[in-house]
Structures are given as structure tokens and as C-alpha cells.
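# Survey of secondary and tertiary structure
As a plain string of letters, each chain reads:
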Amino acid sequence: MTGQCGQPARRTVLAAGLLLGTGPLNTACRSAVAEQQGAGGGPRHGGTLHMVQGTDILPAFLLSQINPNFSVSRTVFNTLTELDHRTLRPRPSLAKSWRVSDGGRTHVFQLRDGVTFHSGRPFGPDDVVFVLDHLTKDTTSSQVKSVAQQVTSAERTGEHEVTVGFGKAVSNVWDMFEMMVMIDRESVADLASGREIIGTGPFIVESYKPGSSISLKRNRHYWKPGRPYLDGIEIAIAAQSSTAVASLRSGQTHLALDLSPLDAAGIRDRPGFRLVQSDAHDLTYYIGANVTVPPLDKVEVRQAVAWAVDRERVLAQALGGIGRPSSLPWSPASAAWDPDRAAAYTLNPEKAKRLLRQAGAADAKVDLYYSNTLATNAAIAQIVQSNLDDVGLTCRLRPKQDAEYQKLFVSGEIPGLFVNGHGFGQLTPSTLVKGAWPFNAQQNASNFRDPEYSRLADEIWTGKAHALTAAYRDLNELLLKEQFVIDLINSTHTYAIQASLQGLAWTMYDGIDLDNAYLA
């Protein structure tokens, strides 16, 4: 995923407030169904939804699965398939059916007829071929590029049929198709600047004012009959979470995306509002460690940090109780999830001190970096600093402007520890270790490289799922031993909404799905 990325037991959270563990969902949009059933009067047409989010959208990164685009990736665009929230199996979207042959190396998609881009141009097989090719370009940012690079052929094989061939079968093909929004090839040159943002989705971009707002209007030619219900969506950018909360409380806003966890927790018990937790669990807070910088080049020191941090305190004081402590990157729905090993590291200052003495780092110093625009990360950093001081490791806080922090992060040049959040723990495990920047076995933000890690990443990427139990176990043990990523809390994205908003749903990447949304 991305910077603050960076969202299934699958699916333990329903869109009914903060009710954890209420049971599995049955379809890709089960949450929407649940919302509608609770409305009483049923869906109705009309109205404009007012939404607020903390950062501006980034049209140039629509294929990169980043948080700022959650508001437009599914409202303006569609994908070929959408993952079921319970089974993680693909369900039809722009592709109405498909068949897989040749040991998983050939995928033939039958595309839906009568779909048009917002420009009026018909959608067809050539558009799929274009996006697959676009994904492989050096200028295209994507965390599933490694999957696209396995495509050896993509061609129109019928009026509404496209055939995609892969050089080898890989386990996360459907993750790629989930992330691969169908951008318009005729306007792609103007997409990065935001001058033209054209998809096939339920809403059309009417205007975009960078840094300020986005206006969407209903797509009257949407391929789903009778959808969407809403006439339009107004998205405002509010950098401060408190501003978004004030807008929500004043009635100016129906939906606030990703409030800071403490602000979000303050909403959940207020009459007339609900705090909805995404069942994707696509957000895990962690401490990264640059393994090329002393004393973090010693594995005992990284393990000492893992034993020193009070995860329960982080959960309570920085995240408002939203999430669960975890030493591993996976959500409980992941095939690699191991509840016993996820609890491997707990608060143990004495063990941390022993490891520091063993490494000859009892009086060492470390720097801890974080983005000063993310209040949650700053709060976590302060707790970590206190915990490390308790075990004799002097920790100096190094807050950075977000742009500078992200530049250091993506270049692997953060000279110490760093606080961040990552995603991808909820899907096919290979998507994390082959694509997510904190974990990518080829190159990652911690500069951790290890032949065994690369071998395991390749094995779970190309192996058969039913035969990977041992590989997942070995991978977890390696991650727990090496601690180049020190996972803390498996949390989730949240949606703070007025009770009048019904039918809210989201994809497995937390892209807002408003096909069935309406204002009661």
C-alpha cells in the first residue's frame, strides 16, 4: 500500500457502529444491505452527499491504492472484479464472467455489454489491454506491478472478450484486478493533473479544485439499472481532523473519512451519528527500522524495541481502542494469520534490557521519525520514546513535514526508527511481501534483504494455496525474528457518518462504494 498504508474470519465488523465480532458478511456489499434493511422506509432517490477527508485526492496515483483516493476510486471508477468480503473470491463487476485455464496462466473475461465511459465512449476489451500495459510502465506507480509484469499477452478475443496470459501462475492475480481501476485511455494524459478524471463509475467528476474540493454528479448512464440513488457528492478537504468533526456535528457533512482514531472514538456514542469500522482491516500501525543504521543493524536491538513497546497503551491512548495488538502484519482473515504468533511480543522491559546488553547497546541512542501532520503517528512516537527510555535506549523524536517524511520513506533513507501504517495484511499474503513498500522482499523501506526472505516470498507467490501452510509458518517466524517491521496494532479505516446516510459500503481496499447509498 502506501505511505499511511499504506484495510477480513473474515469480516468481523458490520456497519452498525463499533460492534466487533458480529459475524461474517455474505457478499461484497453486505454492509450496504445491512444498512438498507435498517432504514425502515427503504432507499430513495435524490439529494447530495457531503463528504470530508483530510487530504486531497491524487489522480496520478489512482493505480497505487493510496488512502487519499478512497473517495473516488470506486465512485468514479470500476474494476473488472470485486473481492467478496467473506471469501476473498472475485465477484463480477465490469467482467460479468470469466474462466481460468492452463494452470492459472490464462484468464478469459467476458465483459459487460452497454458500459460507457463518462465521455460517452463504449468500454471494451481494448481498454483492459491498455490498463494492463499502463500498469507495467516505469512512470506508473503501483504496488501490484510485479503481477502485471507477469502478463505475457493481453488481447481482444471477441467483441466483449479479452484474454490475458501470464508467464507463470501467481497467487495474487485477483488482488491486481481488484486494484486495477479502468481509467480512460483517451484522457490518460490529463489524468495526473486532474484536468480529466474519467471512469465508468456511478458518479462523474463535475469539477475538481486541487487542495479544496471535488464535485461529483450522478452518472445517468451507469450500467447498474436505477443506480446510484444520490444526485451528487460534494467532497471537501479539511486537513485538521477536528475541523472534520465540527463539520459533521454541525450537520454540514454526512460522512467523514478516516478521522484521527481519538476523534473517531469521540463520535461513536453521540446520538445521530455512527462510527463505522471497515471490515477490511487494511491498516496496521508499526515501527520500521532501517537495518543499515547502528545500532538497528543488530537484530537483538530491533527485538529489544519490540519487547519494550507497550502495545496496549498505544491502543488505548493513541488509537482510542480501535484495533488489536499484533506482532504480525496479517488481519485475522489472512491465510497467514496465526493468533498465537501474533501475540509473540508483549511488554517485557527486562527482556528488552537483556537483549540490549547482549548487543552491547545498553546506552545506545536512536532517532525516531514520523510525519508531523499525522497526529496519531505523533502520539505513537511519544509513547515509543517513553518506552525506550524505560529500557535505557535514548530515543530522540524527529518529526518531519509529511512531504519530506514520505520522500525519505520511499527512498529507504530514514536514518533510524520510523512510525507509520501499512495495509495489504488483509489479502493474499504474497501481495504484502511482493508489493507493500515496508515489506517488499526485493526492496523495502528498512533496506532489509535476505535470501531466505526472498525465497519464501517467491514460494507463497507461485505456490498452491493448500500447500503453503509451512511457508506461512516459516515466513511468520522470519518476520518475528528479524523485526525490520515491528508491528504494533492491527486497526482499520473508519467512516464517521450521520445516521441519515444509509447504504454505505466499501471495497476490500476501502474504496467508498456508494452505488446503493441514499439519504433517509
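Residues numbered from 1 in each chain as written. Predicted model: local features only at pLDDT ≥ 70, side-chain atom pairs only at ≥ 80, totals over all residues. Heavy atoms only, no water.

Here the focus is the overall build of the chain. Across its full length, the chain carries 15 helices and 24 strands. Its C-alpha atoms give the chain principal-axis dimensions of about 70 × 55 × 40 Å. Buried residues in the chain amount to 59% of all 520 residues. Entry remark: accessible area of the chain is about 19,200 Å², with carbon and sulfur atoms responsible for 48%. Seen as two clouds, the 50 positive and the 52 negative side-chain charges of the chain have centres 2 Å apart. (Helix = DSSP H or I, 4+ residues; strand = E, 2+ residues; numbered from the N terminus. Buried < 20%, exposed > 50% of the residue type's maximum accessible area, 1.4 Å probe, protein only. Areas by Shrake-Rupley, 256 points an atom, 1.4 Å probe, with all protein chains shown as cover. Lys, Arg positive; Asp, Glu negative; His and termini not counted. Charge placed at Lys NZ, Arg CZ, Asp CG, Glu CD.)

Before going further, it helps to spend a moment on the sheet that holds strand β5 (residues 95–101). Strand order in the open sheet formed by 4 strands is β5-β6-β8-β7, and the pairing between neighbours is antiparallel. Looking at strand neighbours, the two that pair on one side only are β5 and β7 (151–158), the edges of this open sheet. Strand-to-strand, the axes of this sheet are offset by a mean angle of 20 degrees, without reference to chain direction. Along the sheet, helix α2 (residues 125–135) makes contact with β6 (106–111), β7 and β8 (161–166), crossing β7 at roughly 170 degrees. (Pairing = 2+ DSSP bridges. Axes fitted to C-alpha atoms, helices over the stretch in contact; angles between N-to-C directions. Contact = heavy atoms within 4.5 Å.)

For I237, the location among the structural elements is in strand β11 (residues 232–237). If we skip the residues at most four places from it in the chain, I237 touches Q53, G54, T55, D56, G211, S212, S213 and I214.

This brings us to unusual backbone geometry. Here the amide bond leading from R227 into P228 is cis, since omega sits at -5 degrees, within 30 degrees of zero. Backbone geometry places H281, a non-glycine residue, at a positive phi of 50 degrees. Structurally, H281 can be placed in the loop between β13 (273–277) and β14 (283–289). Look at H281 and you get buried, because its relative accessible area is 5%. Located in the positive-phi region is F424, a residue other than glycine, with phi close to 75 degrees.

Next up on the list: the nonpolar core. Soluble, globular proteins show a tendency: their nonpolar side chains are buried together. If you look at the biggest cluster of nonpolar residues, it comprises 144 residues, and the most contacted ones within it are L80, F177 and Y453. Apart from the residues lying within four places of it in its own chain, the contact partners of L80 are P92, S93, L94, A95, F109, L111, F123, V128, F177, M180 and M182. V52, A244, V245 and A496 belong to the second-largest nonpolar core, a separate cluster that totals 13 residues. (Core = buried A, V, L, I, M, F, W, Y, C linked by side-chain atoms within 4.5 Å.)

It is worth spelling out α2 at this point. Across the 11 residues of α2, 8 count as buried, placing the element largely inside the fold. Of all the residues in α2, the buried ones are P125, D127, V128, F130, V131, L132, H134 and L135. Looking at the buried positions of α2, the neighbouring elements they touch are β6, α3 (145–148), β7, β8 and α4 (173–179).

The next thing to look at is the pairing of strand β10 (residues 213–218). Here 6 bridges tie strand β9 (residues 203–209) to β10, and the two strands are oriented antiparallel to one another. Across the sheet, the residue bridging to Y208 is I214, located in β10. Connecting β9 to the next strand, β10, in antiparallel fashion are 3 residues, including G211 with a positive phi near 80 degrees. In terms of strand pairing, β10 meets β11 through 5 bridges, oriented antiparallel.

Turning our attention to the pairing of β13. Burial analysis of β13 places 5 of its 5 residues in the buried class, which makes it a mostly covered element. Across the two faces of β13 the burial is the same, with F273, L275 and Q277 and R274 and V276 all buried. As paired strands, β13 and strand β20 (residues 494–498) are joined by 5 bridges and run antiparallel to one another. Across the sheet, residue V276 finds its bridge partner in β20, namely Y495.

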